[in-house]
Amino acid sequence: MTRMSHLAVLPLCLLPALALAQSDREVAENMVTRAANVCPGHSTERTTPTVKKVPVGALRVMLERGLVMCPDRRLDAAAPAAFYGRLGVFTWNPDVPAASAVIVGRIDEMTRKDEYPVQTLVWDAKGTALVQQTVPAFEPRPGAAVLYNVR
């Protein structure tokens, strides 16, 4: 490689390090900003408290993969948390007190394994997986692109 091409590659190599260099607060703010851009049910008051409960390492993985967290009041108390695998969107009903803890637990578990199934997963307020449970379809804000990036 020529000296010039080495210089061109250097910034690309530093990008992951820069992402890791973000403070915990910045990582959480970036997830809230992503939610504001993608989630139709987003409000800072509904989104931020749950985002702040997610371990920062899990948030970093989510941002790197293009995953997003969206509050969704359309989810009912029987099934207050879901993961829309095809889109990479974790949702919870902020009006169901246990839903926040359930979605935080599932996010932590899935990001540690780095496994994100393509199907929709749904959980009850105790965190038990529900099968054949119908939940409202997730539709991002008009004009928002859900860019889910799996390896």
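Preceding block: the structure.
Residues numbered from 1 in each chain as written. Predicted model: local features only at pLDDT ≥ 70, side-chain atom pairs only at ≥ 80, totals over all residues. Heavy atoms only, no water.

## So, the packing of aromatic side chains
On inspection of all chains with the given rule, the structure shows 2 aromatic pairs. Ring plane angle 35° and centroid distance 4.4 Å describe the contact between Phe83 and Phe90, whose orientation is recorded as tilted. Phe90 carries the same exposure label as Phe83, and that label is buried. Judged by centre distance (5.9 Å) and plane angle (40°), the ring pair of Tyr84 and Phe138 falls under tilted. A residue pair is termed long-range when its members are at least 10 positions apart, and Tyr84 in strand E2 (residues 81-84) and Phe138 in the segment after strand E5 (129-130) qualify at 54 residues. Here Tyr84 and Phe138 have matching classes, each one buried. (Phe/Tyr/Trp six-rings, centres within 6.5 Å; stacked < 30°, edge-to-face > 60°. Buried < 20%, exposed > 50% of the residue type's maximum accessible area, 1.4 Å probe, protein only. Helix = DSSP H or I, 4+ residues; strand = E, 2+ residues; numbered from the N terminus.)

## Here we look at the state of the cysteines
Each disulfide is one covalent bond, formed between the sulfur atoms of two cysteines. A complete count under the given rule lists 1 disulfide for this structure. Two residues share a disulfide in this structure: Cys39 and Cys70, whose sulfurs sit 1.9 Å from each other. Between Cys39 and Cys70 the disulfide shows an S-S torsion of about -70°. By sign, it is left-handed. Remark: Cys70 occurs in strand E1 (residues 68-71) and Cys39 occurs in the loop between helix H2 (24-38) and helix H3 (44-53); sequence separation between them is 31 residues. Across this residue pair, the class does not change: Cys39 and Cys70 are buried. (Disulfide = S-S within 2.5 Å.)

## Looking at the sheet that holds strand E3 (residues 89-92)
Within the open sheet, the 5 strands sit side by side as E1-E3-E2-E4-E5. Their pairing is mixed. The open sheet is flanked by E1 and E5, the only strands paired with a single partner. Bridge count between E2 and strand E4 (residues 120-123): 4 bridges; the pairing is antiparallel. Note on E4: the bridge partner recorded for Ala81 is Trp123. Across the sheet, helix H5 (residues 97-113) is in contact with E1, E2, E3 and E4; its angle to E3 comes to roughly 160°. (Pairing = 2+ DSSP bridges. Contact = heavy atoms within 4.5 Å. Axes fitted to C-alpha atoms, helices over the stretch in contact; angles between N-to-C directions.)

## Considering the nonpolar core
Counting 24 residues, the largest nonpolar core has Leu59, Met62, Met69, Phe90, Ile103 and Ile107 as the members making the most contacts within it. When contributions to this core are tallied by element, the ones reaching two or more residues are H2, helix H4 (56-65), E2, E3 and H5. Here this core gets 6 residues from one element, more than from any other, and that element is H5. Not counting residues within four places of it along the chain, the set of residues in contact with Phe90 comprises Met62, Leu67, Val68, Met69, Cys70, Ala82, Phe83, Ile103, Ile107 and Met110. In terms of nonpolar packing, the next biggest core, distinct from the first, is built from 14 residues, Val38, Cys70, Ala82 and Leu87 among them. (Core = buried A, V, L, I, M, F, W, Y, C linked by side-chain atoms within 4.5 Å.)

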